[in-house]
Amino acid sequence: MAPAQKNRVFVVGVGMTKFVKPGANDYPDMAKEAGQKALADAGIPYSAIKQAVVGYVYGDSTCGQRAIYHSLGMTGIPIINVNNNCSTGSTAIFMARQLVQGGLADCVLALGFEKMERGSLSSKFLDRTSPMDKHMMVMMNRYTLTEAPPASQLFGGAGKEHMEKYGTKPEHFAKIAWKNHKHSINNPYSQFRDDYSLDQILKSRKVYEFLTLLQCCPTSDGAGAVVLANEDFVRKHHLEDQAVEILAQELVTDLPSTFEENSCIKMVGYDMSRLAAKKCFEATGLKPSDVDVVELHDCFSANELITYEALGLCPEGKAGEMIDRGDNTYGGKYVVNPSGGLISKGHPLGATGVATANHYLPSHPVLCVFYS
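What you see is a predicted model; the values in this text were computed from it and never measured.

## A few points about the packing of helix α5 (residues 150-166) against helix α12 (residues 301-310)
For the pair α5 and α12, the least separation of the axes is 8 Å and the interaxial angle reads 55°. As summarised for this structure, α5 and α12 are arranged oblique, according to the angle between their axes. Along this stretch, α5 crosses α12, giving a crossing that reads as left-handed. For the pair formed by α5 and α12, the contact residues are F155, A158, G159, H162 and Y166 on the first element and A302, N303, L305, I306 and E309 on the second. Residues belonging to the contact of α5 with α12 are distributed by class as follows: 6 nonpolar, 3 polar and 1 charged.

Following this line, the structure appears as structure tokens:
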């Protein structure tokens, strides 16, 4: 049986809130601002939306319905709730794109929001097996556990392994944070818009080993929304001048190497990123050197560094040299996280992947990467 013809999928409207410290707003109001902005950007009414996919991590069941009802209305459409940790927002877009691509709907809304608690992330359900138990086992097999927040140990362990294996220096990780904080100055939606010196970043409070506070993303509240449509919808509503096509999108999960190689680099998602990027490049006929702009998941500076190599932006073990050349910022080969990245912009889990689509550049190939 021949595969069905896939529809082209376009971003026709985007909207987001400013990311802020937790506690300022409730999720229905954040969703309302982002959703209404996206519809206004697309120039269409909510009645044109055939389905909605809503992402959030923290909250009771059906917060997606509550957010949509409050922010946009009640038209009886299917509303699907998504929870996929840090990739929740990008998963919402992935599902919305599949609905349009498969011909099940001509216009779909992807909405992501998060209302978080202050402080580091922690487990909420202590009476059952943690989904991170195997990840922590790799960490314990490789390095001694400390009192530092678990996520900082996982990603910090990957950075530590990179230093041991390739000779990367703490300054390379600090330079990533320095670059992202500098980029954030130009983003009015960023939670933090402060410019720091490299010395300030290196000397800020230590969180884990070489990772200092200014190299770690903050917890945040915020929301983002994206309207996706097929080609017929774009033409019918005369949106050709603003429609941006999603050329490829891949969602992958862990491989055996994640846990079998006793590697923190593999454990935090190196092979997942490499596989997803490989599939995207193959689907488009492009290669890493064709990319101009990259938005990637810099929950910690260490993750941004190893992701350079996973995406093929530089050879394995050469991320430090790439950073020293300035090939990750304006004037270099790539501009990585021009939004300021999670380190500056903030990381409201459900909103992060959706909000990234708000930074698209129509004239440049853009590569976006987020983890589950």
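From this point, things continue past the structure.
## Quick notes on the pattern of salt bridges
Scanning all chains against the criterion turns up 20 salt bridges. In this structure, K179 and E304 form a salt bridge, with 2.5 Å as the shortest nitrogen-oxygen distance. Taken as a pair, K179 in helix α6 (residues 170-184) and E304 in helix α12 lie far apart in primary sequence, 125 residues in all. Like K179, the residue E304 is buried in the burial classification. The shortest N-O distance in the salt bridge between D199 and K203 comes to 3.4 Å. Residue D199 and its partner K203 are both found in helix α7 (residues 198-203); the two are separated by 4 residues, about one turn of the helix. Of the residues examined, D199 reaches a relative accessible area of 41% and is grouped as partly exposed. Of the residues examined, K203 reaches a relative accessible area of 64% and is grouped as exposed. Each member of the salt-bridge network shares a partner with another, and the members are R8, E231, R235 and E245.

## Remarks on the packing of helix α3 (residues 88-101) against helix α15 (residues 349-356)
In contact at an axis separation of 5 Å, α3 and α15 are set at 55° when each is read in the N-to-C sense. As summarised for this structure, α3 and α15 are arranged oblique, according to the angle between their axes. Note on element contacts: α15 touches α3 through L349, G350, G353 and V354, opposite T88, G89, S90 and I93.

## Observations concerning unusual backbone geometry
The phi angle at H238 is positive, at roughly 55°, despite the residue not being glycine. In this fold, H238 is placed in the loop between α8 (231-236) and β8 (244-245). Positive phi values are uncommon outside glycine, yet N262 reaches one of about 50°. With respect to the helices and strands, N262 occurs in the loop between α9 (257-260) and α10 (264-267). When its relative accessible area of 31% is taken as the criterion, N262 is described as partly exposed.

## Examining the state of the cysteines
The final tally for this structure, using the stated rule, is 0 disulfides. Unpaired in this structure, C63 has its nearest cysteine sulfur neighbour in C86, at a distance of 18 Å.

Definitions and limits used
Residues numbered from 1 in each chain as written. Predicted model: local features only at pLDDT ≥ 70, side-chain atom pairs only at ≥ 80, totals over all residues. Heavy atoms only, no water. Axes fitted to C-alpha atoms, helices over the stretch in contact; angles between N-to-C directions. Helix = DSSP H or I, 4+ residues; strand = E, 2+ residues; numbered from the N terminus. Parallel < 35°, antiparallel > 145°, perpendicular 65-115°, else oblique. Left-handed = near helix turned anticlockwise from the far one by under 90°. Contact = heavy atoms within 4.5 Å. Nonpolar A, V, L, I, M, F, W, Y, C, P; charged D, E, K, R; others polar. Salt bridge = Lys/Arg side-chain N within 4 Å of Asp/Glu carboxyl O. Buried < 20%, exposed > 50% of the residue type's maximum accessible area, 1.4 Å probe, protein only. Disulfide = S-S within 2.5 Å.

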